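# Tertiary structure, described
Each chain is listed here by its residues.
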2 protein chains.
Amino acid sequence: MEDVLFDFIARYISLTEEEKKALIDLDLFHSAKKGAVLLEEGQRSKQGYFVLKGCIRTHYTIEGVEKTTAFFTEMEGLTPPCVLDGKPSTYAVSCVEDTILTISDPSMEAEIFQKFPKFETMCRVLSEELLVKQQMDFDAFKTSSPEQRYLDLLEKRPDLIQRVPQYQLASFLGIQPQSLSRLRARVVEKSKH
Amino acid sequence: MEDVLFDFIARYISLTEEEKKALIDLDLFHSAKKGAVLLEEGQRSKQGYFVLKGCIRTHYTIEGVEKTTAFFTEMEGLTPPCVLDGKPSTYAVSCVEDTILTISDPSMEAEIFQKFPKFETMCRVLSEELLVKQQMDFDAFKTSSPEQRYLDLLEKRPDLIQRVPQYQLASFLGIQPQSLSRLRARVVEKSKH
DNA sequence: CACCCTTCTTAACTTAAGTGAAGGAATTTG
DNA sequence: CAAATTCCTTCACTTAAGTTAAGAAGGGTG
């Protein structure tokens, strides 16, 4: 499983054996079962997650109803706000599938950045890229209808539609599960024509 | 105007006079008039922007209609996707007000990162913070109605509602200008009762 | 294999946003 | 200061999402 991470890192920087060993020694690798909760609402955690295989999601409980806002699959990472601001987490993180992931915290990052500065460069580049990507996703969300957002998802992340329950997809798309169900029926009807 | 930037940086790292001078020597500081276009749709620019005073926005032209998706005011920065991917820009950037800002490019960053590594640490921390903040904004957008989003904006960014035209605010909130107008009338009516 | 619980679909009704059009501020410009 | 343009509001109508409820389908467990 380590190799999956190292292959990903190799896209950005090249690692010596020494550096790989330092990473492995941090004991980053974990696995979790489908449904397992990695972070609960209200918890003050310092853990960041990076998915190697599987899928995790962030979800809120709003007026008693669960709302899923984001999914993270292979080679995607998440740092919850509580890691940076120290406040109780506003959302929960749990596994959509059996998942293998790395779990790290700021002290582990500080240690590795200090030993190998190029790691920090990689993390800067990564988070700049993510920021830009997310801004584009947000823009696309704002400028399109639920139906268009669903069609875009069908095209760009067909896997998500397969691996995630509809009611989680619905709130991810910013609508109610019933609306997603109706919307899909509408789309099928149109494509029949 | 330099001092505004240095005060901001001082929140993250402390600068020597030498470092301040290196920054000033990069010739970062610019001013632009209200309405000025900093980046046009389709352009391949390598410029990033950081607002010291004033306001800029990103906007798309979709089926002939302008859609504003984001505003950047004092101490907020924007790196357009084209800077990272080299493709023609999908959106335009222009000034909502007369604006003083820094304009930089990757080569300037590389130069300063090389001379003073702590700048890179600051940029990493900044973009990690921004990423987290934006994820929360996106989550809030997905989980609330246009009316709730407007009320949240009233509370968290009352200045934006003052300084930005309604039709730009509307698409920022993900709705049509007419809907924002109606929604505001509804809110006023409710608060009267 | 049968039961249970979760998830998905359908339907009828309500509410709010989209659309097209027109008129009224407000701001800019000659 | 008047004309022009841009921006905002209102209205009537259409379309789609929210809501409430009920039942069907699917998966997991004893």
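Keep in mind that what you see is a predicted model, and the values were worked out from it rather than measured. (Residues numbered from 1 in each chain as written. Chains lettered and ligands numbered in written order. Predicted model: local features only at pLDDT ≥ 70, side-chain atom pairs only at ≥ 80, totals over all residues. Heavy atoms only, no water.)

Moving on, we come to the packing of helix α1 (residues 2–10) of chain A against helix α2 (residues 17–25) of chain A. Residues and elements named next belong to chain A. For the pair α1 and α2, the least separation of the axes is 12 Å and the interaxial angle reads 130°. In terms of orientation, α1 lies oblique with respect to α2. Both α1 and α2 take part in a crossing whose hand is right-handed. Taking contact as the criterion, the partners of E2, F6 and I9 in α1 are, on α2, K20, L23 and I24. Its residues assigned to classes, the contact of α1 with α2 comprises 4 nonpolar, no polar and 2 charged. (Axes fitted to C-alpha atoms, helices over the stretch in contact; angles between N-to-C directions. Helix = DSSP H or I, 4+ residues; strand = E, 2+ residues; numbered from the N terminus. Parallel < 35°, antiparallel > 145°, perpendicular 65-115°, else oblique. Left-handed = near helix turned anticlockwise from the far one by under 90°. Contact = heavy atoms within 4.5 Å. Nonpolar A, V, L, I, M, F, W, Y, C, P; charged D, E, K, R; others polar.)

Turning to the pattern of salt bridges, a few remarks are in order. Any two side chains of opposite charge can pair, so long as their charged atoms come close to each other. This model, assessed by the stated rule, comprises 32 salt bridges over all chains. We note a salt bridge from E147(A) to K190(A), for which the minimum N-O separation is 2.7 Å. Of this pair, E147(A) sits in helix α6 (residues 146–156) while K190(A) sits in helix α9 (residues 177–192), placing them 43 residues apart in sequence. Using a relative accessible area of 15% as the deciding quantity, one classes E147(A) as buried. Of the charged contacts, one joins D159(B) and R163(B) as a salt bridge, the two residues approaching to 3.3 Å between their closest N and O atoms. Here the residue D159(B) and the residue R163(B) both occupy positions in helix α7 (residues 158–163), the gap between them amounting to 4 residues, near one helical turn. On the basis of relative accessible area, D159(B) is assigned to the partly exposed category, the value being 28%. Given the relative accessible area of 23%, R163(B) is considered partly exposed. One network of salt bridges, in which partners are shared, links E74(A), E76(A), E97(A), R157(A), D159(A) and R163(A). (Salt bridge = Lys/Arg side-chain N within 4 Å of Asp/Glu carboxyl O. Buried < 20%, exposed > 50% of the residue type's maximum accessible area, 1.4 Å probe, protein only.)

A few words on the domain arrangement of chain A. Residue and element names in this part refer to chain A. The assigned domain composition of chain A is domain 1 (2–143) and domain 2 (144–193). Listed as interface residues are 18 residues of domain 1 and, on the opposing side, 15 residues of domain 2. Taken over both partners, the interface formed by domain 1 and domain 2 buries close to 1,300 Å², and the fraction arising from carbon and sulfur atoms is 48%. Three residues, T68, F71 and F141, lead the burial of domain 1 against domain 2; their summed loss comes to 43% of the area buried on that side. Connecting domain 1 to domain 2 are 3 salt bridges. With its nearest N and O atoms 2.8 Å apart, the salt bridge here joins R163 to E97. Summed over the shared surface of domain 1 and domain 2, the result is 9 residue pairs in polar contact (both at pLDDT 80 or more). The set of elements that each furnish at least two residues to the side of domain 1 that touches domain 2 consists of β5 (65–72) and α5 (117–142). If one sorts the elements of the side of domain 1 that touches domain 2 by residue count, β5 sits on top with 6 residues. (Domains from an automatic or database assignment. Buried area = accessible area lost by both parts, 1.4 Å probe. Polar contact = N/O pair within 3.5 Å; in protein donor to acceptor, adjacent residues only side chain to side chain.)

Moving on: the interface of chain A and chain B. Opposite the 35 residues of chain A that make contact, chain B presents 35 residues. Taken together, both faces of the contact between chain A and chain B bury some 3,300 Å²; the carbon and sulfur share is 63%. A per-residue breakdown of the area chain A buries against chain B is headed by Q134(A), F138(A) and K142(A), which together make up 20% of the total. Joining chain A to chain B, the criterion identifies 2 salt bridges. At the boundary of chain A with chain B, the tally comes to 15 residue pairs in polar contact (both at pLDDT 80 or more). Elements supplying a minimum of two residues to the side of chain A that touches chain B: β4 (56–62), β5, α3 (81–85), α4 (106–115), α5 and α8 (166–172) of chain A. If you tally residues by element for the side of chain A that touches chain B, the top one is α5(A), at 18 residues. Grouping the amino acids of the side of chain A that touches chain B by side-chain chemistry returns 16 nonpolar, 10 polar and 9 charged.

Right, let's get into α6(A). All names here are of chain A. Of the residues making up α6, those classed as buried are E147, R149, Y150 and L153. Looking straight down α6, one finds that the buried residues subtend no more than 165° of arc, so they occupy a single side. Turned more than 90 degrees away from the buried face of α6, the exposed residues are E155 and K156. Buried-residue contacts for α6 involve α5, α7 (158–163), α8 and α9. (Arc of directions from axis to C-beta.)

Turning our attention to the protein's contact with DNA strand C. Around DNA strand C there are 15 residues in total, and Q166(A), Y167(A), S179(B), R182(B) and R186(B) lie nearest to it. Counted by atom, the contact set of DNA strand C within 4 Å of the protein is 64% sugar and phosphate. In the environment of DNA strand C, a phosphate oxygen lies 2.6 Å from a nitrogen or oxygen atom belonging to the backbone of Q166(A). One nitrogen or oxygen atom from the main chain of Q176(B) is found 3.2 Å from a phosphate oxygen belonging to DNA strand C. If you list the elements that add at least two residues to the surface near DNA strand C, you get α8 and α9 of chain A together with α9 (177–192) of chain B. Examining the composition of the surface near DNA strand C, we find that 4 residues originate from one element, α9(B), more than from any other. Of the residues in the surface near DNA strand C, the class split is 4 nonpolar, 7 polar and 4 charged. (Near = heavy atom within 4 Å.)

Of the transformation superimposing chain A on chain B, the axial component is 0.0 Å and the angular component is 180°, with the fit at an RMSD of 0.0 Å. As the rotation angle and translation indicate, the two copies are arranged about a two-fold axis. No C-alpha of chain A lies nearer the rotation axis than that of R124(A), which sits 2.2 Å from it. The residues that chain A uses at the interface reappear at the interface of chain B in 100% of cases, marking a shared surface. (Least-squares fit on C-alpha atoms with pLDDT ≥ 70 in both.)

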